[in-house]
Amino acid sequence: MKSLEIIGFKRANLDGAALKEIREEGSVPCVVYGPGIKEQIHFHSPAILFRDLIYTPDVHMVELNIEGTKVKAILREAQFHPVSEVLLHADFLAYTEDRPIKMDIPVDIQGTSPGIQKGGKLEMKARTLQVKGLAANLPDRIPVNISHLDLGKSVKVSELSVEGFEILTSPNVSIATIGIPRALRGKKAE
């Protein structure tokens, strides 16, 4: 899995005025917690460092460098301003190599569907799947083969076979469906 380093600086004041000042300087207030560290750490980091982490469909492991202290973590949650969509806060979950973690991993559609060649449209129902496993075993993407799908058919989570991690998303959830266009629906009725 891809890895990314974010440099942070500890913050002592946790009140609203201090947070506002940090955001005006172009930084993002953050917190890291979890089984990988003894107690949670509040810090701030320049907002530009989050571009490759948040504004991408890929999933990254994050190595936090907080004033010399290195922590392995994943991005648990990011909060945005409701109007300007500026990043307001980030939560990181510190992990250890020996305990499983839960993450949302994107799916990777592979193959060419006969239903698409007949004029159908690929409809993505789930772009990510929640998985649980050791950090070393988690993939960048989960491959989903659609080369057997005809018009009106779909791929469900239960049809996937994976090794090294467990898929927590319900087995009944459809990942991708080949939709039937209106023009073809009329032809089938005749």
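Note that this is a predicted model, so its numbers are computed, not measured.

1. With respect to the UniProt feature "domain: Large ribosomal subunit protein bL25 beta" (unreviewed entry) in the protein
- The residues that UniProt annotates with the feature "domain: Large ribosomal subunit protein bL25 beta" (unreviewed entry) are residues 101-182.
- From the first C-alpha to the last, residues 101-182 spans 43 Å; its make-up is 6% helix and 44% strand.

2. Regarding the pairing of strand β13 (residues 174-179)
- In terms of burial, β13 is largely enclosed, as six of its six residues are buried.
- In this sheet, β13 lies alongside strand β8 (residues 121-124) in antiparallel orientation, the contact comprising four bridges. The residue of β13 that forms the bridge with K121 is G179.
- Pairing of strand β11 (residues 154-156) with β13, which is carried by three bridges, proceeds in the antiparallel orientation. Bridge assignment links K156 to a residue of β13, and that residue is S174.

3. Brief notes about the pattern of salt bridges
- In total, this model carries seven salt bridges according to the counting rule given.
- Linking E63 and K70 is a salt bridge whose minimum nitrogen-to-oxygen distance equals 3.4 Å.
- Taking relative accessible area as the criterion, E63 reaches 26% and is therefore assigned partly exposed.
- As a salt-bridge pair, E123 and K125 come within 3.5 Å of each other at their nearest N and O atoms.
- Judged by its relative accessible area of 31%, E123 falls in the partly exposed class.
- In the salt-bridge network here, residues are joined through shared partners; they are K2, D58 and R141.

4. Here's the deal with the nonpolar core
- If you look at the biggest cluster of nonpolar residues, it comprises 26 residues, and the most contacted ones within it are M61, I101, M103 and L129.
- Looking at this core element by element, the count peaks at four residues for strand β7 (residues 101-110).
- The residues touching M103, leaving out its near neighbours within four places in the chain, are M1, V59, H60, M61, I74, L129, Q130, V131 and L138.
- Counting residues in each nonpolar core, the second largest holds 20 residues, with I37, F43, L64 and I66 among its members.

5. Remarks on the sheet that holds strand β6 (residues 87-94)
- If you walk around this closed barrel you meet the six strands as β1-β3-β2-β6-β5-β4, and the pairing is mixed. Neighbour-to-neighbour, the strand axes of this sheet turn through a mean angle of 45 degrees, independent of strand direction.
- Sheet analysis places strand β1 (residues 2-10) next to strand β4 (residues 60-66), joined by seven bridges and oriented parallel. Within β4, the position partnered with I7 by the bridge is N65.

6. Examining the UniProt feature "domain: Large ribosomal subunit protein bL25 L25" (unreviewed entry) in the protein
- Mapped onto this numbering, the UniProt entry gives "domain: Large ribosomal subunit protein bL25 L25" (unreviewed entry) at residues 10-92.
- As annotated, residues 10-92 comprises 16% helix and 47% strand, and the C-alpha atoms at either end are separated by 14 Å.

7. Concerning the sheet that holds β11
- Taken together, the three strands give an open sheet; going across it, the order is β8-β13-β11, and neighbouring strands pair in antiparallel fashion. One side of each edge strand has no neighbouring strand; the edge strands of this open sheet are β8 and β11. Strand-to-strand twist of the sheet, defined as the mean angle between neighbouring strand axes without regard to direction, takes the value 15 degrees.

The rules behind the values
Residues numbered from 1 in each chain as written. Predicted model: local features only at pLDDT ≥ 70, side-chain atom pairs only at ≥ 80, totals over all residues. Heavy atoms only, no water. UniProt positions renumbered as here; feature names shortened; annotations may be inferred. Helix = DSSP H or I, 4+ residues; strand = E, 2+ residues; numbered from the N terminus. Buried < 20%, exposed > 50% of the residue type's maximum accessible area, 1.4 Å probe, protein only. Pairing = 2+ DSSP bridges. Salt bridge = Lys/Arg side-chain N within 4 Å of Asp/Glu carboxyl O. Core = buried A, V, L, I, M, F, W, Y, C linked by side-chain atoms within 4.5 Å. Contact = heavy atoms within 4.5 Å. Axes fitted to C-alpha atoms, helices over the stretch in contact; angles between N-to-C directions.

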